[in-house]
Amino acid sequence: FKPISKTIARKIYNLPTESKIILFGASNPRDLRKGWDFFKEVVTKISKINPSFEFIVFGMDNPQEETFEEAKIKFLGSITDEYALSTLYSSCDVMLLPSRIENLPQCATEAQACGIPVVTFNSGGISDVVENEITGYLADPFEIDQLVKGIIWILENEEIHNKLSENSLKIAKRKWDIKAI
C-alpha cells in the first residue's frame, strides 16, 4: 500500500475532484464490532453540519433497507484487490473507523500507508496505530460527537489535513513497511 495521485484515484473511481470524502469499510462493515450503527450516526450528523462532504463504504453492497436522508454516500461492495484498495484509500481524505473492538486494524494501517489520516475511538489496540492529532484523531470510546469533531477538525483545515497525511505516511513507513516488520 502506498499513495497515488488523489486526482488519478478519483478518476478511476469516478469521484468528484473537489469534494471531501470520508471512507468506511471492512470485510463485513455490518458486523456489530465494526460500528455500523455508529457510522450511520456519524453520517447523519456530518451531513447536517457540512452536506458537501461525501462518504464511501466498501465491503458491502448498497443496503436497500438503510436510509441516509440527504447524505452523499456511495457503496462499492467488496474490494479484494490490493491495488484497487490502495487506489480507493488514496482517493479519500479521511478513514473513519468507528469500531467497538479492534486489535491492530488492517484498514487503519493500509490507510496510513496511503497517507490517509484515521478517525477512530481510543479503544483496544487502535492507539498502537493512530497517534492522536499526529496521524489522526482518537475519540473517547463510543462518543459519536467526538468522532464528528475529529472529522470536521481534519477536513475543514487544509494545513492540519496535510500535516496528518504526511505524518501518517512517515509513521506507516517506519512501523508497517515490510522491512520494518
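Look up a bit, the structure's there.
All of these numbers come straight from a predicted model, not from anything done at the bench.

## Quick notes on the overall build of the protein chain
Reasoning step 1: Regarding its fold elements, the protein chain presents six helices and six strands.
Reasoning step 2: Each helix (α) and strand (β) of the protein chain, taken in turn from the N terminus, gives the series α-β-α-β-β-α-β-α-β-β-α-α.
Reasoning step 3: Taking the principal axes of the C-alpha coordinates as reference, the protein chain spans close to 45 × 35 × 30 Å.
Reasoning step 4: The 181 residues of the protein chain split such that 52% are buried.
Reasoning step 5: Of all intrachain contacts in the protein chain linking residues separated by at least 6 positions in sequence, the fraction that spans at least 24 positions is 60%.
Reasoning step 6: As displayed, the protein chain has an accessible area near 9100 Å², and 49% of this comes from carbon and sulfur atoms.
Reasoning step 7: If you average the places of the 21 positive and of the 26 negative side-chain charges in the protein chain, the two averages end up 4 Å apart.

## Observations concerning a nonpolar patch on the surface
Reasoning step 1: On the surface, Ile4, Ile8 and Ile12 cluster together to form a nonpolar patch covering roughly 270 Å² of accessible area.
Reasoning step 2: Turning to its location among the elements, Ile4 is positioned in the segment before helix H1 (6-12).

Thresholds applied
Here, residues in each chain are numbered from 1, in the same order as that chain's written sequence. Residues qualify for local features only when their pLDDT is at least 70, as the model is predicted, and side-chain atom pairs are given and counted only at 80 or more; totals for whole chains, interfaces and linings, by contrast, use all residues. Only hydrogens and water are removed before side-chain values are computed, so all heavy atoms of the structure are retained for them. Numbered from the N terminus, helices here are DSSP runs of H or I no shorter than four residues, and strands are runs of E no shorter than two. Three exposure classes are used, based on accessible area relative to the maximum for each residue type with a 1.4 Å probe and protein chains only: buried under 20%, partly exposed in between, and exposed over 50%. Residues count as neighbours in contact if any of their non-hydrogen atoms are within 4.5 Å of one another. We get accessible surface area from the Shrake-Rupley algorithm with a probe of 1.4 Å; when it comes to residues, only the shown protein chains can shield them. The charged-residue count follows a simple rule in which Lys and Arg add positive charge and Asp and Glu add negative charge, with His and chain termini not counted at all. Positions of charges follow a simple convention, taking NZ of Lys, CZ of Arg, CG of Asp or CD of Glu. Patches were defined on residues exceeding 30% relative accessible area and lacking a salt bridge, with like-charge contacts within 9 Å and nonpolar side-chain contacts (Val, Leu, Ile, Met, Phe, Trp, Tyr) within 5 Å. Any Lys or Arg side-chain nitrogen found within 4 Å of a carboxyl oxygen on Asp or Glu counts as a salt bridge.

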